[in-house]
Amino acid sequence: KGRGRYVCAVRADDAAQQGNEVASKLVFALASGEWNGDVDSLSEQIPQEEWSKLTNDRNGCSGRKCSKYAECSYYKAREAGKRATVLITNHDLLLADLKSGNTVLPKPEDCVYLIDEAHEFPHKALKMMGEAHALRDCEEWADSVEKLISRLRRTSGAKSLDKLAMTVAEKVDCARGWAGEARMSIENGGATAIRDPKRPLRFSHGKLPEWLSNVVKGSEDAAAQAFEALEVLKEAIDSDVGEGMADEPRERLLSEVGRAMAQISGVRAVWKLMGSDVMDDAPPAKWVEVVGEGDGRDVRVCASPVGVGEQLHVMLWSKCA
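Residues numbered from 1 in each chain as written. Predicted model: local features only at pLDDT ≥ 70, side-chain atom pairs only at ≥ 80, totals over all residues. Heavy atoms only, no water.

### Topic: the sheet that holds strand E2 (residues 201-202)
Across the sheet, four strands lie side by side as E1-E4-E3-E2; this open sheet has antiparallel pairing. Edge positions in the open sheet fall to strand E1 (131-134) and E2, since each of these has one partner strand only. As judged from the seven bridges shared by strand E3 (residues 285-291) and strand E4 (residues 298-304), these two strands associate in the antiparallel manner. By the bridge assignment for E4, Trp-287 is matched with Cys-302. Most of the contacts of helix H8 (residues 162-189) go to E4, to which it runs at about 90°, and overall it touches E3 and E4. Where helix H11 (residues 247-274) meets the sheet, it contacts E1, E3 and E4, and its direction lies at approximately 115° from that of E1. (Pairing = 2+ DSSP bridges. Helix = DSSP H or I, 4+ residues; strand = E, 2+ residues; numbered from the N terminus. Contact = heavy atoms within 4.5 Å. Axes fitted to C-alpha atoms, helices over the stretch in contact; angles between N-to-C directions.)

Encoded structure:
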């Protein structure tokens, strides 16, 4: 299973300390051995919104450097997987793992695949390769990073990271500005076409109008620079530069910076695909849609390849036994 199906003991502890009753119960069950950390083995289902606060992704995880690595449910499951002759997973995890460069499952070169319901596999791959970005999400992400930077600057022993933190704040603010620019351009340039939420604004043959193409390039560059600034900050926190901090706050900062990197990486992927001319011998499909109503109304930018044969060949078919 993917990492998101297992509890992160660090995040669960944090949530429990903040008064989250669900987290408190899970932390107790994990410590007592009543539960193995796998959300699917719980007798009562936890809403996804609640569960997402208690799990982690590869960007937010500090791996072997985590104080709870030895007791981590996810890594225990991975170790068991390494000893197994047969692994059973679903299409989604297989594709997500191929897309991320094999961070969970064995490399295709070491595997023979038996794919059940294989006729569904290309459809799942097409969905996996597509990207979408609600513009308001970038603004909320920027707010959360600003709070993270403020907390970092107040952390004892983090003075040496001030300059890098301010660079991150600057790049994040730029990414936020481009999200606003994109929203304004779409509202003005495509207003008549997207007034009806049931009728997305589609770009024939993947060709963007001039009023949008410049915004796409600027947004991708801003997201890339924000990602790189966060990456430099994360490396500094994790190196001798960040040695002045106690282990616990440093561990939590690493996790939060990693999650921020994952979010802006997704934003960057959308704009990159929006700016692509050809993918798998055809232009990607590109469209803009309105989501929500009233104060919750937002604009979502979407792009997807129309075929995945080339990607599947590169990632899987040319490598597996």
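### Some remarks on the pattern of salt bridges
Scanning all chains against the criterion turns up 16 salt bridges. The residue Asp-40 makes a salt bridge to Arg-5 at a minimum N-O spacing of 2.6 Å. Remark: Arg-5 occurs in the segment before helix H1 (9-17) and Asp-40 occurs in the loop between helix H2 (21-32) and helix H3 (48-51); sequence separation between them is 35 residues. Relative accessible area serves as the criterion here: at 31%, Arg-5 is assigned to the partly exposed category. Ionic contacts of the salt-bridge type, sharing partners, join the residues Lys-1, Arg-5, Asp-38 and Asp-40 into one network. (Salt bridge = Lys/Arg side-chain N within 4 Å of Asp/Glu carboxyl O. Buried < 20%, exposed > 50% of the residue type's maximum accessible area, 1.4 Å probe, protein only.)

### Some thoughts on the packing of aromatic side chains
Overall, the coordinates contain five aromatic pairs when judged by the stated rule. Relative to Tyr-75, the ring of Tyr-69 lies with its centre 4.9 Å away and its plane at 50°, an arrangement referred to as tilted. On the basis of relative accessible area, Tyr-69 is assigned to the partly exposed category, the value being 21%. In this structure Tyr-75 comes out as buried when scored by relative accessible area, which is 16%. (Phe/Tyr/Trp six-rings, centres within 6.5 Å; stacked < 30°, edge-to-face > 60°.)

### Section: the packing of H1 against H2
The contact between H1 and H2 brings their axes to 8 Å, and the two run at 130°. Judged by the angle between their axes, H1 and H2 are oblique. In the crossing of H1 with H2, the sense of the turn from one axis to the other is left-handed. In this structure, H1 contributes Ala-9, Ala-12, Asp-13, Ala-15 and Ala-16 to the contact, and H2 contributes Ala-23, Ser-24, Val-27 and Leu-30. (Parallel < 35°, antiparallel > 145°, perpendicular 65-115°, else oblique. Left-handed = near helix turned anticlockwise from the far one by under 90°.)

### A short note on the side chain of Asn-20
Along the chain, Asn-20 turns up in the loop between H1 and H2. A relative accessible area of 17% means that Asn-20 is categorised as buried. Among the polar contacts listed, one links the side chain of Asn-20 to the side chain of Glu-50, at a separation of 2.9 Å. Residues within four places of Asn-20 in sequence aside, it is in contact with Ala-15 and Glu-50. (Polar contact = N/O pair within 3.5 Å; in protein donor to acceptor, adjacent residues only side chain to side chain.)

### Let's talk about the side chain of Glu-220
Turning to its location among the elements, Glu-220 is positioned in helix H10 (residues 210-237). It turns out Glu-220 is buried and unbridged, and the closest side chain with the opposite charge, Arg-268, is 5.0 Å from it. Residues contacting Glu-220, with those up to four places away along its chain left out, are Arg-268, Trp-271 and Lys-272. (Lys, Arg positive; Asp, Glu negative; His and termini not counted.)

### Considering the confidence of the model for the protein chain
Predicted coordinates in regions of low pLDDT should not be interpreted in detail. Of all residues in the protein chain, 97% have pLDDT values of 70 or greater, and the mean over the chain is 89. Per-element mean pLDDT across the protein chain ranges from 58 in helix H9 (residues 191-194) up to 93 in H10. (pLDDT = per-residue confidence, 0-100.)

### Side note on H2
Under the 1.5 Å per step criterion, the end-to-end length of H2 is 17 Å for 12 residues, consistent within 8% with the ideal 16 Å. Of the positions making up H2, those classed as buried are Ala-23, Leu-26 and Ala-29. For H2, the buried positions fall inside an angular range of 130° around the axis, keeping them on one side. Exposed side of H2, more than 90 degrees from the buried face: Glu-21, Lys-25, Phe-28 and Ala-31 are the residues found there. Taken together, the buried residues of H2 touch H1 and H3. At the N-terminal end of H2, a side-chain oxygen is found 3.1 Å from the backbone nitrogen of Val-22, two or three residues along, and the residue is Asn-20. Positive phi shows up at Gly-33, right after H2, with a value of about 85°. (Expected span 1.5 Å × (residues − 1). Arc of directions from axis to C-beta.)

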